Amino acid sequence: MEVIVFAEGPTEEQFIKRVVAPALRPLQVFLKPQMLKTSQEARGGAINFDRLKFNARNTLRQQPAAVLTTLLDLYGLDTSFPGFEEAKSKPDLTSRVTHLNAALHQELVAYVKCRPERFIPHIQPHEFEGLLFSDTEALSQTEPGWQAREAKLAAVRAEFETPEHINNSIEKKPSRRLEQLLQPGYKKTRHGPLAAERVTLAAMERECLHFRRWMEALRNLGGHPQ
């Protein structure tokens, strides 16, 4: 089964290529990440719903045997996404992301006119870097010198119910915390995939409910329910 993954940026693209895709190949599930154009010259970055719809329709029509999924951050999600305003009133993170994913699935499937099973929406709370807090000891071993900051990383993780709950604000989002805590500094495109390899999918799935549900949905495409 071929699965196209609309990735938010180059860090997520490399995460899919280097960490997620190899884990699914034995199940005959083949992930192919791609970033959407944000201009004639650029790819990646914030994606509005119109751009997502346009690219989804073209992709699913051009590749009739493929499934489409997404790896988009909840942090900074464009306000044009379906269910955005309603999700604000939800009482907790689980219900908020569940609502956003359901609304995205309903509207995109209706727009593209594809079978519902051909689209698996995934909005990652709050951003990719939250997953890296699933194992702060492993994260701290990504670069020489980071080990001295492991206690501070662990303290951040301990503040929250799960890594996916780490703050949704410009100064407290997971990537900003890593930039502030780690020396030499955390560089998203360089360190993100490296740290993810250290942390491992197993740790991420153990700690992060929404991410685990996405991985289970992808595995099930290979006919091996989890």
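As shown above, the structure is provided for reference.
What you see is a predicted model; the values in this text were computed from it and never measured.

## Some words on the nonpolar core
Link 1 in the chain: Membership of the largest hydrophobic core comes to 40 residues, with the highest contact counts inside it found for F15, L31, L132, M204 and F211.
Link 2 in the chain: Sorting elements by how many residues they give to this core places helix α1 (residues 10–24) first, with 6 residues.
Link 3 in the chain: For M204, the contacting residues outside a window of four places in its chain are F15, L131, L132, S134, A196, V199 and F211.
Link 4 in the chain: One finds F6, L60, L104 and C114 within the second-largest nonpolar core, a separate group that totals 26 residues.

## Quick word on the pairing of strand β2 (residues 30–35)
Link 1 in the chain: A one-sided burial pattern is seen for β2, the buried positions being L31, P33 and M35 and the unburied ones F30, K32 and Q34.
Link 2 in the chain: At this point the chain moves from strand β1 (residues 2–7), through α1, to the parallel β2, and the crossover so formed is right-handed.

## With respect to the packing of helix α2 (residues 49–62) against helix α4 (residues 93–112)
When two helices pack together, their arrangement is given by the angle between the helix axes and the distance between those axes.
Link 1 in the chain: With their axes 10 Å apart at the nearest point, α2 and α4 run at an angle of 55 degrees to one another. Relative to α4, α2 is oriented oblique. Along this stretch, α2 crosses α4, giving a crossing that reads as right-handed. Contacts between α2 and α4 pair F49, L52, K53, F54, A56, R57, L60 and R61 from the former with L104, E107, L108, Y111 and V112 from the latter.
Link 2 in the chain: A per-class count over the contact of α2 with α4 returns 9 nonpolar, no polar and 4 charged.

Definitions and limits used
Residues numbered from 1 in each chain as written. Predicted model: local features only at pLDDT ≥ 70, side-chain atom pairs only at ≥ 80, totals over all residues. Heavy atoms only, no water. Core = buried A, V, L, I, M, F, W, Y, C linked by side-chain atoms within 4.5 Å. Buried < 20%, exposed > 50% of the residue type's maximum accessible area, 1.4 Å probe, protein only. Helix = DSSP H or I, 4+ residues; strand = E, 2+ residues; numbered from the N terminus. Contact = heavy atoms within 4.5 Å. Right-handed = clockwise from strand over helix to strand, strands pointing away. Axes fitted to C-alpha atoms, helices over the stretch in contact; angles between N-to-C directions. Parallel < 35°, antiparallel > 145°, perpendicular 65-115°, else oblique. Left-handed = near helix turned anticlockwise from the far one by under 90°. Nonpolar A, V, L, I, M, F, W, Y, C, P; charged D, E, K, R; others polar.

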